[in-house]
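Notes for the structure review
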Amino acid sequence: MGYLRTALRDSLTAEELELLPSGFDRIGHVAILALPPQLLPKSADVARALMRLKGVRTVALREGPIVGRYRRPQLRVIAGEQVTETVHKEHGCLFKLDMAQVMFAAGNLHERGRIAKLVRPGEVVVDMFAGIGQFSIPIAKHAKPRAVYAIELNPTAYRYLCENIRINRVGPVVNPLFGDCAEVAPRGAADRVIMGILHVAGRYLPIAVQVLKPAGGVIHYHESVPTPLRFERPVERIAAAAAARDVEILGRRVIKRFAPGVDHVVIDARIGPA
Ligand SMILES: C[S@@+](CC[C@H](N)C(=O)[O-])C[C@H]1O[C@@H](n2cnc3c(N)ncnc32)[C@H](O)[C@@H]1O
C-alpha cells in the first residue's frame, strides 16, 4: 500500500482512498501530485500527509498538462512555503530549477542515467532540447565527452541550464547555446544527438541527421505515441528523415505511460555515413 493510502486511511472514505493517485513526485523540497476532481475537497488532508515527509516544505497540485513551446507546467501551491524554486539531487548531479516555470519529468530518472552510461570517451554530444540540463549535466559528470552542446530556447530554462553547468562544475565541457535548435545546432558535429522533447521531435529529425558527423552517429529520439503504434511510427519517421542513409535500430523502450493509451518511447538509432 502506498504512503498516501496508509497516511490517509483515517481521514478518507474507502471510495476516496481508491481514487488516490498511486504516487507523487518529489523534486527537491517540493512534493507534487495530481488529484482527481472528486478528491479536491480533501486536498488539505493530502497536503498535510505530504508535509509530514522529511525534507518536504512545499506541496503543489498539478492543475493541467505541460503547455506551450517552452513546456511550462501548471502548478498551484496548496501547502507550505510558496517557494517552487528548488535544488534537486539525482545521479550525483544538482539541478536547480523553478518547478512552476520549467519542466522536470521525475519519470525519466532511469533514462537520464542510461544515456550518461552510453556516451563513450571523446564523443561530441548535441542535446537539442536541453531544458535545465537533464541529460547534458549527467553526461558531462559521468562520461568523458569531448564536448556537449546544450541548446535551449526558453530564457528561464536557459538561465537554470547555465547555473546548473556552474554548480556542477562542468563548464569546460558543456557549451550552452541559447535559441532554436533548428538555427543554432552545429551541423556535421555530433557523434550523438539527444532529442528529449515529445510533441514536436518528429519535425526536427531531419535537423538531427544534419547535426551528426558525416561519418554518422546515434540519435536518441523521443516521441509520445498511441500504444498500438508505439515503436512502428517513430522508427518509420527516423527512416524517412535519414533518407538514403543506413539506419540501424539499436534499442526501443517505453519510458512511461504519457496518457491513457499513449506511451512515451525512446528509440536509439544509428545513422550510417552520409
Ligand atoms: C520537454 S523539455 C525536456 C527537457 C529535457 N530534454 C528532458 O527530456 O528532460 C523540452 C525543452 O525544450 C525546449 N525547446 C522547445 N523547442 C525548442 C527548440 N526548437 N530549440 C531548443 N529548445 C527548445 C523547451 O523550452 C523545453 O525546455
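Refer to the structure presented above.
Keep in mind it's a predicted model, so treat the numbers as computed, not measured. (Residues numbered from 1 in each chain as written. Predicted model: local features only at pLDDT ≥ 70, side-chain atom pairs only at ≥ 80, totals over all residues. Heavy atoms only, no water.)

**Things to note about the nonpolar core**
- If you look at the biggest cluster of nonpolar residues, it comprises 33 residues, and the most contacted ones within it are I32, L97, M99, F104, I132, I139 and V174.
- For this core, the elements supplying multiple residues, two or more each, are β2 (30-33), β6 (93-98), α4 (109-118), α5 (136-142), β8 (147-152) and α6 (155-167).
- Tallying contributions element by element places α6 first for this core, with 5 residues.
- For this core, the domains that each give at least three residues are domain 1 (3-83) and domain 2 (106-271).
- I139 has contacts with I115, A116, V119, V125, P145, V148 and I194, leaving out every residue within four places of it along the chain.
- In this structure, A201, I207, V209 and A241 belong to the second largest nonpolar core, which totals 27 residues. (Core = buried A, V, L, I, M, F, W, Y, C linked by side-chain atoms within 4.5 Å. Buried < 20%, exposed > 50% of the residue type's maximum accessible area, 1.4 Å probe, protein only. Helix = DSSP H or I, 4+ residues; strand = E, 2+ residues; numbered from the N terminus. Domains from an automatic or database assignment. Contact = heavy atoms within 4.5 Å.)

**Overview of the state of the cysteines**
- For the coordinates displayed, the defined rule picks out 0 disulfides.
- Just so you know, C162 is unpaired, no disulfide at all, and the nearest cysteine sulfur is the one on C181, 16 Å from it.
- A relative accessible area of 3% means that C181 is categorised as buried. (Disulfide = S-S within 2.5 Å.)

**Comments concerning the site of the ligand**
- Surveying the vicinity of the ligand reveals 18 residues, the closest of which are F129, E152, D180, C181 and G196.
- Measuring from a nitrogen atom of the ligand, one finds a side-chain N or O atom of D180 at 2.9 Å.
- Residue G196 places a main-chain N or O atom 2.9 Å away from a nitrogen atom belonging to the ligand.
- Relative to its unbound accessible area of 600 Å², the ligand is 96% covered by the protein chains.
- Among the residues making up the shell around the ligand, the classes are represented as 9 nonpolar, 5 polar and 4 charged. (Near = heavy atom within 4 Å. Polar contact = N/O pair within 3.5 Å; in protein donor to acceptor, adjacent residues only side chain to side chain. Areas by Shrake-Rupley, 256 points an atom, 1.4 Å probe, with all protein chains shown as cover. Nonpolar A, V, L, I, M, F, W, Y, C, P; charged D, E, K, R; others polar.)

**Quick word on the sheet that holds strand β11 (residues 217-226)**
- The 7 strands are arranged β9-β8-β7-β10-β11-β13-β12 in an open sheet whose pairing can be described as mixed. Both edges of this open sheet fall to β9 (174-178) and β12 (247-259), since each of them pairs with a single strand only. Strand after strand, the sheet turns through a mean of 15° between neighbouring axes, direction not considered.
- For strand β7 (residues 124-127) and β8, the ladder comprises 4 bridges, and the chain directions are parallel. (Pairing = 2+ DSSP bridges. Axes fitted to C-alpha atoms, helices over the stretch in contact; angles between N-to-C directions.)

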